[in-house]
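# Commentary on secondary and tertiary structure
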Amino acid sequence: MNWRTLLELDAACLFCQNTYKEDATWRSILGIEGASELCPACRKKLHPLQAGCAVCQHPVGADTVTCPDCKRHPEIDFIQRSLYPYDDFMQEIISTFKYRGDAVLATLFSPKLAKLAKTLGPFDLHVPIPLHHAREWERGFNQAELLGADLPLTHVLSRPEATRKKSKLTRDERHAQKTLFSVETKVDGARILLIDDIYTTGATFRSAASVLYANGARSVRGVTVARAIMRNMGEQSGK
Ligand SMILES: [Zn+2]
Ligand SMILES: [Zn+2]
């Protein structure tokens, strides 16, 4: 055994499970840290999301500040940042994590989300977006909660009931369902960070933010692992 092999450890990729050589750190030698990374091949498939729309980080043209989607919702003061674009690889990782119950994958992203949160903070409350109780029970965990594991989480929001098909709702019910969430604890004057796995249209976050503001929140921001990239977003601006 030479000096070089002494400093390398066999590690298993959290996602594809292939083994690879990893340079030993004092943490791994002391056994403080297990394999908590992706193999070099998987790491190469992660592309950090570049700067984009000032509000939601969606890619925009060179001299555009706000994307058309965010321009349609100027009434809510909200800023959202994500780690990665929701591309094929992210889709695979997130669905593995979410539906196959491979909750250990969350450890990949929770430290990175905590770091990202610092760029938007400071915050008084770190709030995971809740699932409906029925769905959380089915799945056994709430992904937003696991992804926020490196932040001091507070459960502020709840989802009162599973959303019924829109066509079956009366007008009043439909109006009530525009707010997906209810607020469980005092948020008066609080700077709030919302945490979720994917930012798609922003409807979920906007709904959470508006109910938090209605309850006296001072500011609401959000972080997610992935950001969906819409094709032809610019063309929708007239809608
Ligand atoms: Zn891998
Ligand atoms: Zn935007």
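Each remark here, short or long, concerns the structure printed above.
Each chain carries its own residue numbering, running from 1 in the written order of its sequence. Key to labels: chains lettered from A, ligands numbered from 1, both in the order written. Side-chain atom pairs in this predicted model are given and counted only at pLDDT of 80 or more, local residue features only at pLDDT of at least 70, and totals for whole chains, interfaces and linings cover all residues. Each side-chain value is worked out from all heavy atoms of the structure, with water and hydrogens disregarded.

## Some details on the overall build of the chain
Counting from the N terminus, the helices are DSSP H or I runs at least four residues long and the strands are E runs at least two residues long. Across its full length, the chain holds 10 helices and 8 strands. Taking all contacts inside the chain whose residues are at least 6 apart in sequence as the whole, residues at least 24 apart take part in 71%. Only the protein chains shown count as cover for residues, and all accessible areas are computed by the Shrake-Rupley method using a 1.4 Å probe. Element-wise, carbon and sulfur atoms account for 53% of the exposed surface of the chain, whose accessible area totals about 13,800 Å². Any two residues having at least one pair of non-hydrogen atoms within 4.5 Å are treated as being in contact.

## Quick word on the coordination of the zinc ion (ligand 1)
Taken together, the protein ligands of the zinc ion (ligand 1) are Cys13 (SG), Cys16 (SG), Cys39 (SG) and Cys42 (SG), with distances of 2.3 to 2.4 Å. Coordination partners: N, O, S within 2.8 Å of the metal, 3.2 Å for Na, K and Ca; water not considered, so apparent gaps in a site are possible. Donor angles set the geometry label: tetrahedral for four donors if every angle is between 85 and 135 degrees, square planar for four and octahedral for six if opposite donors exceed 155 degrees and the others are between 65 and 115, irregular for anything else. Its 4 donor atoms give the zinc ion (ligand 1) angles of 106 to 114° at the centre, a pattern that matches the tetrahedral case. Here the term buried applies to any residue with accessible area under 20% of the maximum for its type, exposed to any over 50%, and partly exposed to those in between, with areas from a 1.4 Å probe on protein chains only. Of the residues examined, cysteine 13 reaches a relative accessible area of 2% and is grouped as buried. Cysteine 16 gets classed as partly exposed once you look at its relative accessible area, which sits at 30%.

## Examining the layout of surface pockets
Its boundaries defined by the atoms lining it, the largest pocket holds a volume of some 490 Å³. Whether a set of points on the 1 Å grid over the protein atoms alone is a cavity depends on a 1.4 Å probe fitting there but being unable to get out, while an open set qualifies as a pocket with protein on both sides within 12 Å along at least five of seven lines; lining residues are those with an atom within 4 Å of a point. Considering the residues around the largest pocket, the lining is formed by 23 residues, among which Arg135, Arg159, Asp196, Ile198 and Thr204 are closest to the centre. Among the elements that make up the lining of the largest pocket, the one with the highest residue count is strand E7 (residues 191-199) (4 residues). A per-class count over the lining of the largest pocket returns 9 nonpolar, 8 polar and 6 charged. Grid points are joined across faces, edges and corners, and a volume is the space filled by probe spheres set on the points. Polarity classes work like this: nonpolar for Ala, Val, Leu, Ile, Met, Phe, Trp, Tyr, Cys and Pro, charged for Asp, Glu, Lys and Arg, and polar for all others, with Gly in that last group.

## Quick word on the sheet that holds E7
DSSP calls a pair of strands paired once it identifies at least 2 bridges connecting them. Spatial strand order, E3-E8-E7-E4: 4 strands in an open sheet with parallel pairing. Each edge of the open sheet carries a strand with a single partner, namely strand E3 (78-85) and strand E4 (125-128). Each strand axis lies, on average, 20° off the axis of its neighbour in the sheet, ignoring direction. Taken together, the 4 bridges between E4 and E7 define a ladder with parallel strand orientation. Among the inter-strand pairings, proline 128 is bridged to a residue of E7, identified as isoleucine 195. Each of E3, E7 and strand E8 (219-227) is contacted by helix H5 (residues 88-99), which is oriented at about 105° to E7, the strand it contacts most. In the packing of helix H10 (residues 203-214) onto the sheet, contacts are made with E3, E7 and E8, and the angle to E7 comes to roughly 165°. Lines are fitted to the C-alpha atoms to define the axes, a helix being fitted only along its stretch in contact, and any angle between axes, read from their N-to-C directions, falls within 0 to 180 degrees.

## Structural notes on the side chain of lysine 98
Tracing the sequence through the fold places lysine 98 in helix H5. Overall, lysine 98 belongs to the buried group, its relative accessible area being 12%. Setting aside its immediate chain neighbours within four residues, lysine 98 contacts Arg139, Phe141, Gln143, Asp197 and Ile198.

## Let's talk about the environment of threonine 96
Structurally, threonine 96 is set in helix H5. A relative accessible area of 5% means that threonine 96 is categorised as buried. For the pair threonine 96 and phenylalanine 15, spaced 81 residues apart in sequence, the C-alpha to C-alpha distance is 8.4 Å. Those residues in contact with threonine 96, other than ones at most four positions away along the chain, are Phe15, Gly101, Asp102 and Leu105. Identification of polar contacts relies on pairs of N or O atoms within 3.5 Å, with a donor-acceptor requirement for protein atoms, meaning one able to donate a hydrogen and the other able to accept it, and with residues adjacent in sequence counted only if both atoms are side-chain atoms. At 2.7 Å, the side chain of threonine 96 forms a polar contact with the backbone oxygen of glutamate 92.

## Some words on the coordination of the zinc ion (ligand 2)
Reference geometry at the metal: tetrahedral coordination by four donors gives ideal angles of 109.5 degrees; octahedral coordination by six donors gives 90 or 180 degrees. Protein coordination at the zinc ion (ligand 2): the donors are Cys53 (SG), Cys56 (SG), Cys67 (SG) and Cys70 (SG), at 2.2 to 2.3 Å from the metal. Viewed at the metal, the 4 donor atoms of the zinc ion (ligand 2) are separated by angles of 105 to 113°, and the geometry they form is tetrahedral. Going along the chain, you hit the donors of the zinc ion (ligand 2) in the pattern C-x2-C-x10-C-x2-C. Of this pair, cysteine 56 sits in the loop between helix H3 (40-43) and helix H4 (68-71) while cysteine 67 sits in the loop between H3 and H4, and the two are 11 residues apart along the sequence.

## With respect to the pattern of salt bridges
Salt-bridge detection follows one rule: a side-chain nitrogen of Lys or Arg within 4 Å of a carboxyl oxygen of Asp or Glu. One pass over the structure, following the stated rule, counts 5 salt bridges. Between arginine 72 and aspartate 69 there is a salt bridge, and its shortest N-O distance comes to 2.6 Å.

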